[in-house]
Every structure is written in structure tokens, then in C-alpha cells.
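# Analysis of the macromolecular model
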Amino acid sequence: MAKDAADYFLHLSKDKKIARILAGRDSFVLTRRRDIYLHLCNSIMSQQLSTKVAATIRKRFLKLYPGKPSPEQILATPHETLRSVGLSGAKANYMHNVARYAIEFGLDYKVMGKMNNDEVIEYLTRIKGVGRWTAEMLLMFTLGREDVFAADDLGIQQSMISIYKLDKTDKKKLREDMLRISAKWSPYRTYACLHLWRHKDKIPDAV
């Protein structure tokens, strides 16, 4: 982990365009959380939803249980009940898939903590309903990995198109350009993403 914000600020600021969005801004601190299965379920609930709507659904979901739900409790929850809190039928299935995977194969914090990023992504994307983006969010916000770049995230794309004046009409080239630019941010690409997300809130919708 970065010893302090100065470590990643100094490194990312070598990119003059990133340095501009870092200037005068507060730093980010990554945290690590142990309940991987639950945070994976949270990520599924958040897919393609606004932050506000996702938070409402998570709150309703947690009220279904007397305390923090176990994988066994989630798996035993009927689809109809999961849908009653605002989940689609597909997401209810994916939540059950995560719970079943946790029971059968394990989503242990200590075990996954020994895997590198690519191994974690490969392990998680075996679960139907968990794609690369979801696995990357878990790497960042649950395992606290500092060097993750979410190339497929719309917010990251919008920020980089705005900052680097990238061509958004050719999706393949856009991705290649993003990966090329982000390579220089390693080993602190997660922090770069966090600042790009914050910058995205200032970009007009037309970008």
C-alpha cells in the first residue's frame, strides 16, 4: 500500500494531464473488507444503477435478515423475495450464484489475498453474472488493490476522452489508447481511476 498520499500523488503527477486533476484535491485511501461474498453481491446489485438507487436496494436487501446474511441464508432466500427489494430476475439469480459459489468453492479473504489480480479476476468470473468489471470493482474496493485499471468503465472512458481528447468513435482504438496511457500510472492505477471518477462528475453529458 502507498505509505501516504504523497507516494501516489508524486507518481501520477508525472503525467501532466493527470497532475491537473490532482491539483488541490483530497487524496483517497483504500480499505480492505473481509466479507467478499457480500461485497460481490453488493456489486451485482449496483450494476447499471445510479448510486442512489443501488443504495436503496442494498438497504432493503439487508433488512430481509436479522443480521449480516451468510451465503447459506442468501441462497435460501426465494427469488420472489429478492425481487421484492428491487432486484431484477437476472440479478436475483446472480446473487444465488455468488452464494452457491461461496459455499461450494469458497470466497475466503485470506486465500484470495494471496492471488494476484489476474488470478482473482479469473476465479470470480467463473460465477455467472460476475464479469470483469465487477471483479475489478471488488479488487479495488474490497481487496484494496492499488494497481487496477477499469478500462471498460464508462466513467473512466468519459474522463479520459475529455482529458486526453481521445477518439470515442473507434471502440477498439479507444481501449488501446486508454491502456497505453494508463500503463505509466502503474503501480497506482486504482488511485488514478478514483480521481478520474471524481473528475467525471464535472464533465458535460455530451462528452
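Each value, and the rule that gives it
Residues numbered from 1 in each chain as written. Predicted model: local features only at pLDDT ≥ 70, side-chain atom pairs only at ≥ 80, totals over all residues. Heavy atoms only, no water. Core = buried A, V, L, I, M, F, W, Y, C linked by side-chain atoms within 4.5 Å. Buried < 20%, exposed > 50% of the residue type's maximum accessible area, 1.4 Å probe, protein only. Helix = DSSP H or I, 4+ residues; strand = E, 2+ residues; numbered from the N terminus. Contact = heavy atoms within 4.5 Å. Phe/Tyr/Trp six-rings, centres within 6.5 Å; stacked < 30°, edge-to-face > 60°. pLDDT = per-residue confidence, 0-100. Expected span 1.5 Å × (residues − 1). Arc of directions from axis to C-beta.

Membership of the largest hydrophobic core comes to 64 residues, with the highest contact counts inside it found for Leu12, Phe61, Val98, Leu107, Leu124, Met160 and Trp185. For this core, the leading source of residues is helix H3 (residues 36-46), giving seven residues. Ignoring any residue separated from it by four or fewer positions in sequence, one finds Leu124 in contact with Leu40, Leu107, Met112, Val130, Ala135 and Leu138.

With that settled, consider the packing of aromatic side chains. For the structure on display, the rule yields eight aromatic pairs. Arranged with centres 4.9 Å apart and planes meeting at 40°, the rings of Tyr101 and Phe105 form a pair that is tilted. Using a relative accessible area of 8% as the deciding quantity, one classes Tyr101 as buried. In this structure Phe105 comes out as exposed when scored by relative accessible area, which is 54%. Note on Phe141 and Trp197: the rings are 6.0 Å apart at their centroids and 35° apart in plane angle, and the pair reads as tilted. Of this pair, Phe141 sits in helix H10 (residues 132-141) while Trp197 sits in helix H13 (residues 189-200), and the two are 56 residues apart along the sequence. Taken together, the ring pairs in this structure connect Tyr8, Phe9, Tyr188 and Tyr191 into an aromatic cluster.

Glancing now at the confidence of the model for the protein chain. Residue-level pLDDT values for the protein chain average 92, and 96% of them are 70 or greater. Model confidence for the protein chain, summarised as mean pLDDT per element, is weakest for helix H1 (residues 5-12) at 91 and strongest for helix H5 (residues 71-76) at 98.

It is worth spelling out the side chain of His96 at this point. Structurally, His96 is set in helix H7 (residues 89-104). Residue His96 is classed as buried on the basis of its relative accessible area, which comes to 6%. Look past the residues within four positions of His96 in its chain and what remains in contact with it is Ile74, Leu75, Thr77, His79 and Leu82.

Here the focus is the environment of Leu179. Mapped onto the elements of the fold, Leu179 is located in helix H12 (residues 171-182). The spatial distance from the C-alpha of Leu179 to the C-alpha of Asn116 is 19 Å, given a sequence separation of 63 residues. Leaving out residues up to four positions away in the same chain, Leu179 has contacts with Phe149 and Ala151.

Attention now moves to helix H4 (residues 51-62). A rise of 1.5 Å per residue sets the reference length of H4, with its 12 residues, at 16 Å; its end C-alpha atoms lie 16 Å apart and thus fit the reference within 8%. Inspection of H4 places Ala54, Ile57 and Phe61 among the buried residues, and these make up the whole buried set. Angularly, the buried residues of H4 cover 65° about the axis, an arc narrow enough to put them on a single face. In H4, the exposed residues that point more than 90 degrees away from the buried face are Thr51, Lys52 and Lys59.

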